[in-house]
Amino acid sequence: MNIELDELALRIDDAALEGRSEELRRLDAICKKKLAASTDLDALLHYFRANIYAALQDAEEPRSWAWRQPNRERQILYLRRARTARTFAQISLTRRAQIGTNLANNMNTFGRPVEALRIYETVLRESPNFAMAIANRGLARLTLARMIYDDGHRAVLAAHAWQDFERVLNGDVEWDGDYPEMRAAVSEQAAQVRDAVDVDAVLAETDMHAWQVGQGEERIYRERMLEMGLFLNPLVVIGPYPIAALDPLHLPPHTYGLEEPPHYLSWYNQLKQEFVVARLLFHEAVEGPPFEDRGRHFADDGTHLIDTLDYPEFSIGAEKLRLSFRTAYGLLDKIAGFLNTFFKLGRRPNQVDLRGIWYTDPRRRDALAVPFHDRPNLALRGLYWLSFDILGSRGSHDDSIEPTAAHLSSLRNLLEHRCLVLCSEFALHDDSPIDREELTVFQRHTVRMLQLAHEALILLSLAMYEEERRRDRGSDAVSVPLYLPKYDTRRH
């Protein structure tokens, strides 16, 4: 870091410690100006801006439960920009770990422990002993455990959270500063887990490897999805263990009127099935050698296509990848439809999307719909904040905290309504009516859409659990249990 940036960092730290909001905003303007002038230090400058908005949050709304929090939104945006900046790989391992950990901490705070745990794992692959990531991973595991309605899953997650706390307190870890309050918090949480869960018994009795993942192609598929963390199973966030290679998550027990069919169960069945298909399509698209080295599918035999010399990739595999992206993106809007019905919002079913469903007027997005006002449902808030990672049909490209949201939205629009050609190499054609995307880049975007759909389906189930748990049925309410059989997916 150069002397000028050292001085800027010190000024930010001083203003943050003293809670001087106006000075922090002036320093942010300086960072913004430097970014506009050069990208030579873009990762650090984005990190500085994130720290500025974290300090503004602490100074102005330290413990806010508000659903819109502009300072936190900016913090998340700049941390994400730092991670994708041109110079990110050039900064120190410690700084990279700090950036990732701060981002994950925000995700967990907003009710997105699944996303937080993905990020902590990325940090710990590169810096396996970084204490703050280990400690906060334990807190995120505990957050998810408290949101889950299955006692077995809850106990396993809590026990693994305790392992993180124990390692931080007594293991070989690397601290990037002096954090007595964090150590005290970890110690307290470890003691609470011990009081609530027989940690030793849970760890001894839960063999994370004693499950079958199949043979041959099925084994390859399940192992890949474990590595990607894409099973609808809360235990998948602990790591790629065979115990998590199934999709047991469904809706929690809930009530209906006596004459009402179980339509929410049917709705979630369909959502799950579409996600599983999107996941499988992705696997089939990327399995084996690179696209250009494979033999053609028999369905392609006799198909007359012209080589336009711009490295196009036309194949069944490429189409499966496109379908995987479209299906995953579409699931987010279908989840919005579920929310519309469950919370009785009264929106037209064909005019809802996950980005706008939360507001009285989806076009303005300045006032939350009444059912969501100060609602104490962390999983529901997680879904709300997940919606900021995409753009809705009426959204502007500025109304997001995900730098790639505009591009993801554009890809979906192109796939649905225009012409997007996937290419093995990118060829620029400024004046062409045809849009192109490099195949490997599109594959990464498809992974991101699968991750968002996976997280959203988990949060939807946990949000419904919290709603059912809090609903007052009245002292004279009568509930008649109904147990539906498991659908045999292998019978057809």
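Preceding block: the structure.
Residues numbered from 1 in each chain as written. Predicted model: local features only at pLDDT ≥ 70, side-chain atom pairs only at ≥ 80, totals over all residues. Heavy atoms only, no water.

Draft legend 1. Expanded view of the pairing of strand S1 (residues 420-423). Residues Leu420 and Leu422 point to one face of S1 and Val421 and Cys423 to the other, with burial holding for every one of them. Examined bridge by bridge, S1 and strand S2 (residues 435-438) share four bridges and lie parallel to one another. What sits directly across from Cys423, in S2, is Glu438. (Buried < 20%, exposed > 50% of the residue type's maximum accessible area, 1.4 Å probe, protein only. Helix = DSSP H or I, 4+ residues; strand = E, 2+ residues; numbered from the N terminus. Pairing = 2+ DSSP bridges.)

Draft legend 2. Seen up close, the packing of helix H13 (residues 316-342) against helix H15 (residues 405-417). One can describe the packing of H13 onto H15 by two numbers: an axis separation of 10 Å at closest approach and a directional angle of 110°. Relative to H15, H13 is oriented roughly perpendicular. With respect to the hand of their crossing, H13 and H15 are arranged in left-handed fashion. Taken together, the residues of H15 that come into contact with H13 (itself represented by Arg322, Phe325, Arg326, Tyr329, Gly330 and Asp333) are Leu408, Ser409, Leu411, Arg412, Leu415 and Glu416. Here the contact of H13 with H15 is built from residues that sort into five nonpolar, two polar and five charged. (Axes fitted to C-alpha atoms, helices over the stretch in contact; angles between N-to-C directions. Parallel < 35°, antiparallel > 145°, perpendicular 65-115°, else oblique. Left-handed = near helix turned anticlockwise from the far one by under 90°. Contact = heavy atoms within 4.5 Å. Nonpolar A, V, L, I, M, F, W, Y, C, P; charged D, E, K, R; others polar.)

Draft legend 3. Seen up close, the environment of Leu169. Mapped onto the elements of the fold, Leu169 is located in helix H8 (residues 151-170). Its relative accessible area of 34% is what places Leu169 among the partly exposed residues. A C-alpha to C-alpha distance of 36 Å links Leu169 and His250, two positions 81 residues apart in sequence. Aside from chain neighbours lying at most four places away, what touches Leu169 is Arg183, Val186, Ser187 and Ala190.

Draft legend 4. Focus on the nonpolar core. Ranked by internal contacts, the top residues of the largest apolar core, which has 147 residues, are Phe48, Leu339, Leu354 and Trp358. Top element by residues in this core is helix H16 (residues 439-470). It accounts for 14 residues. (Core = buried A, V, L, I, M, F, W, Y, C linked by side-chain atoms within 4.5 Å.)

Draft legend 5. Inspection of the side chain of Glu467 at higher detail. Checked against the element boundaries, Glu467 lands in helix H16. If near-sequence neighbours (up to four positions away) are discounted, Glu467 is found in contact with Phe342, Phe343, Arg375 and Asn377.

Draft legend 6. Representation of helix H14 (residues 378-386) within the structure. In terms of burial, H14 is a largely internal element, eight of the nine residues being buried. Burial in H14 covers these residues: Ala379, Leu380, Arg381, Gly382, Leu383, Tyr384, Trp385 and Leu386. Against helix H4 (70-83), helix H7 (131-147), H13 and H16 lie the buried residues of H14. Between the side-chain oxygen at the start of H14 and the backbone nitrogen of Ala379 there is a gap of 3.3 Å, and the oxygen is on Asn377. (Polar contact = N/O pair within 3.5 Å; in protein donor to acceptor, adjacent residues only side chain to side chain.)

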